[in-house]
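A look at the structure
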Amino acid sequence: MTNTTDGDLLLKNITAQAPFPICFADLEKTVAEKIAAGPFGYIRSGAGGEQTLHNNRAAFKKYSIVPRFLNDVSNVDTSIHLFGKTYPTPLLFAPVGMNGMVHDEGELAVVRAAQHLNIPYIQSTVSTYALEEVAEAAPTATKWFQLYWSTNEAIAYSMAARAEAAGFEAIVLTIDTVMLGWREEDVRNQFSPLKLGYAKGNYMNDPVFTASLPDDSFESYVQGVLQNVFHPTLNWEHVRELKRRTNLPILLKGILHAEDARLAIDNGIDGIIVSNHGGRQLDGVIGSLDALPAIVETVNGQIPIILDSGVYRGMDALKALALGADAVAIGRPFVYGLALNGQQGVEKVMTNLYDELKVSIALAGVTSVKGLRNITLVKIDGTEDK
């Protein structure tokens, strides 16, 4: 429970110190001036002509809130419950790979920020640091492991087993990366963080993967990852087998169609992340927020739904929660914070997002995350969504 009268959240950011970029556009501009074009383009860009990237933002702009007033909003409860645990905010760290390309401490800095803020952290398969190193860096943080399937299925099962052994609390299986999206910005910049070794952490610490290599050269590592990280054969039987092999809850990341959400429930999946990979896979795809309402209706509260892709502000998170998401995952903003100032930059970005969300919940006339589902949202075309 947050007391909204304990100081003004806006005024606390107005100080004599040099201001930290507070909005996403300023963050992006500042990072573009600080890091090389290759890493910046990799983080910023979307697939193809970037229609999906723009659709994510357009989806949030479609909705306007009709607030209610004369409600006591002096205490706002922003807590959520996921898989038996309570968290103070409805935010999560989305899985973003290869953090070492923007900061030497990479995922270690991010998970320490997650521990300090008590926000669940989802670690990518293609991390600069191994999952065991991340677990050691923040032993009390809630950590989930995002799993990319492997052509050699034994590697996928090995990584899932390692995550469970290291104390990770869920497996997030990404299903929209059967092959790499058409990313023109990376071709333009001739930049591949994978080929530069920024994804080595989990692979080079996996005994099944290393045993599959002809030798221990860097070239063998790169070729081994390229041969395994894309998996066009991935199907529901693989999902069922993964579920048989782990005791952890399994979430599917990349669901955009209501029928896939129904199949996920039928196959015993424990949670869904509605995501289009931040616009980085298939171009011309529906915005994640546009996909959310139909999935919420289909799931009907049976399992948690997390909204991912295009969430750049606290107000974005509010709209996603109002449309039925149980939590919201943040990606690009925290990576920009990492690039600017390591762990402290990550914490500042996430705190600003949370503070905007907290203020906005109160100004909408609501006192809890669950209460957001009762507010009225109006689309640009004038129709009420609820």
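The following refers to the structure shown. Bear in mind that the values here come from a model prediction, so they are computed numbers and not experimental data.

**Quick word on the overall build of the protein chain**
The secondary structure content of the protein chain amounts to 15 helices and 14 strands. Taking 386 residues into account, the globule formula puts the C-alpha radius of gyration at 21 Å, and the protein chain, at 20 Å, falls close to it. Along the first, second and third principal axes, the C-alpha atoms of the protein chain reach 70 × 50 × 40 Å. For the protein chain, the residues scored as buried account for 55% of the 386 residues in total. Accessible surface, the protein chain: about 16,200 Å² in total, of which carbon and sulfur atoms supply 53%. Both charge centroids of the protein chain, one from 32 positive and one from 43 negative side chains, sit 3 Å from each other.

**Focus on the packing of aromatic side chains**
Across all of its chains, the model carries 11 aromatic pairs by this definition. With a centroid separation of 6.2 Å and an interplanar angle of 25°, the aromatic rings of Phe40 and Tyr336 are classed as stacked. Within this pair, whereas Phe40 is found in helix α2 (residues 37-44), its partner Tyr336 is found in helix α15 (residues 332-363), the two being separated by 296 residues in sequence. In this pair, the class of Phe40 matches that of Tyr336, namely buried.

**Digging into unusual backbone geometry**
Located in the positive-phi region is His277, a residue other than glycine, with phi close to 65°. Mapping His277 onto the fold places it in the loop between β11 (271-274) and α13 (288-299). Positive phi is not limited to glycine here, since Ser309 has a value of about 100°. As for its placement among the helices and strands, Ser309 is situated in the loop between β12 (305-307) and α14 (314-322).

**As for the packing of helix α6 (residues 153-165) against helix α11 (residues 236-245)**
The contact between α6 and α11 brings their axes to 10 Å, and the two run at 40°. By the angle between their directions, the pair α6 and α11 is classed as oblique. Between α6 and α11 lies a crossing whose hand is right-handed. For the pair formed by α6 and α11, the contact residues are Glu153, Tyr157 and Ala160 on the first element and His238, Glu241, Leu242 and Arg245 on the second.

**Section: the pairing of strand β8 (residues 143-147)**
Burial analysis of β8 places 5 of its 5 residues in the buried class, the great majority of the element. Neither face of β8 is left uncovered, since the one carrying Lys143, Phe145 and Leu147 and the one carrying Trp144 and Gln146 both have all their residues buried. Where strand β7 (residues 121-123) meets β8, 3 bridges bridge the pair, whose relative direction is parallel. Paired with Tyr121 across the strands is Lys143, a residue of β8. Looking at chain direction, β8 and strand β9 (residues 171-174) are connected through 3 bridges and run parallel. Bridged to Leu147 within β9 is Leu173. This β-α-β element, β8 to α6 to β9, shows right-handed connectivity.

**Details of the pattern of salt bridges**
Counted under the stated rule, the structure contains 19 salt bridges. A salt bridge links Glu237 to Arg244; the shortest N-O distance between them is 2.7 Å. Overall, the relative accessible area of 54% leaves Arg244 in the exposed class. Note that Arg245 and Glu241 form a salt bridge whose closest N and O atoms lie 2.8 Å from each other. Remark: Glu241 and Arg245 occur in helix α11; sequence separation between them is 4 residues, near one turn of the helix. Among the ionic contacts, a cluster of salt bridges with common partners joins Glu237, Arg240, Glu241, Arg244 and Arg245.

**Side note on the side chain of His238**
In this fold, His238 is placed in helix α11. Its relative accessible area of 9% is what places His238 among the buried residues. Here the side chain of His238 touches Glu153 through a polar contact of 2.9 Å, side chain to side chain. Excluding residues that lie within four positions of it along the chain, His238 makes contacts with Trp149, Glu153, Tyr157 and Thr233.

**A look at the pairing of strand β13 (residues 327-330)**
A two-sided burial pattern is seen for β13, the buried positions comprising Ala327 and Ala329 on one face and Val328 and Ile330 on the other. Pairing of strand β6 (residues 91-93) with β13, which is carried by 3 bridges, proceeds in the parallel orientation. Across the sheet, Leu91 pairs through a bridge with Val328, a residue of β13. Pairing analysis gives 2 bridges linking β12 to β13, with the strands arranged parallel. Each residue of the ladder has a partner; that of Ile306, found in β13, is Ala327. Taken together, β12, α14 and β13 constitute a β-α-β crossover, and its handedness is right-handed.

Scoring rules and cut-offs
Residue positions within a chain follow its written sequence, with the count starting from 1. Local features in a predicted model are, by the rule used here, given only for residues with pLDDT of at least 70; side-chain atom pairs are given and counted only at 80 or more, and totals for whole chains, interfaces and linings are based on all residues. By convention in this description, side-chain values take in all heavy atoms of the structure and omit both hydrogens and water. Here a strand is any run of E in DSSP of at least two residues, a helix any run of H or I of at least four, and the numbering for each starts at the N terminus. Note on method: radius of gyration uses C-alpha positions; expected globular size equals 2.2 Å times residues raised to 0.38. Remark: exposure states derive from per-residue accessible area (1.4 Å probe, protein chains only) relative to the maximum for the residue type, with buried under 20%, exposed over 50%, and partly exposed in between. Using the Shrake-Rupley algorithm and a 1.4 Å probe, accessible areas are obtained, with residue cover drawn only from the displayed protein chains. When charges are counted, Lys and Arg contribute as positive and Asp and Glu as negative, whereas His and the chain ends are disregarded. Where a charge lies is defined by one atom per residue type, namely NZ (Lys), CZ (Arg), CG (Asp) and CD (Glu). When two rings of Phe, Tyr or Trp (its six-membered ring) have centres within 6.5 Å they constitute a pair, described as stacked for plane angles under 30 degrees, edge-to-face for angles over 60, and tilted for the intermediate range. The convention used is that axes are lines fitted to C-alpha atoms, helices contributing only their stretch in contact, and that angles between N-to-C directions extend from 0 to 180 degrees. Roughly parallel covers angles under 35 degrees, roughly antiparallel covers those over 145, roughly perpendicular covers 65 to 115, and oblique covers all other angles. For any helix crossing, the convention is left-handed if the near helix is rotated counterclockwise from the far helix by under a right angle, and right-handed if that rotation is clockwise. In what follows, a contact means two residues having at least one pair of non-hydrogen atoms within 4.5 Å. A pair of strands is labelled paired if DSSP reports no fewer than 2 bridges between them. Place the viewer so that the strands point away; then a crossover is right-handed whenever the path from the first strand over the helix to the second strand goes clockwise. The salt bridge criterion pairs a side-chain nitrogen of Lys or Arg with a carboxyl oxygen of Asp or Glu, the two atoms within 4 Å. Under the rule applied, a polar contact is a pair of N or O atoms within 3.5 Å (in protein, one hydrogen donor and one hydrogen acceptor; residues adjacent in sequence only if both atoms are side-chain atoms).

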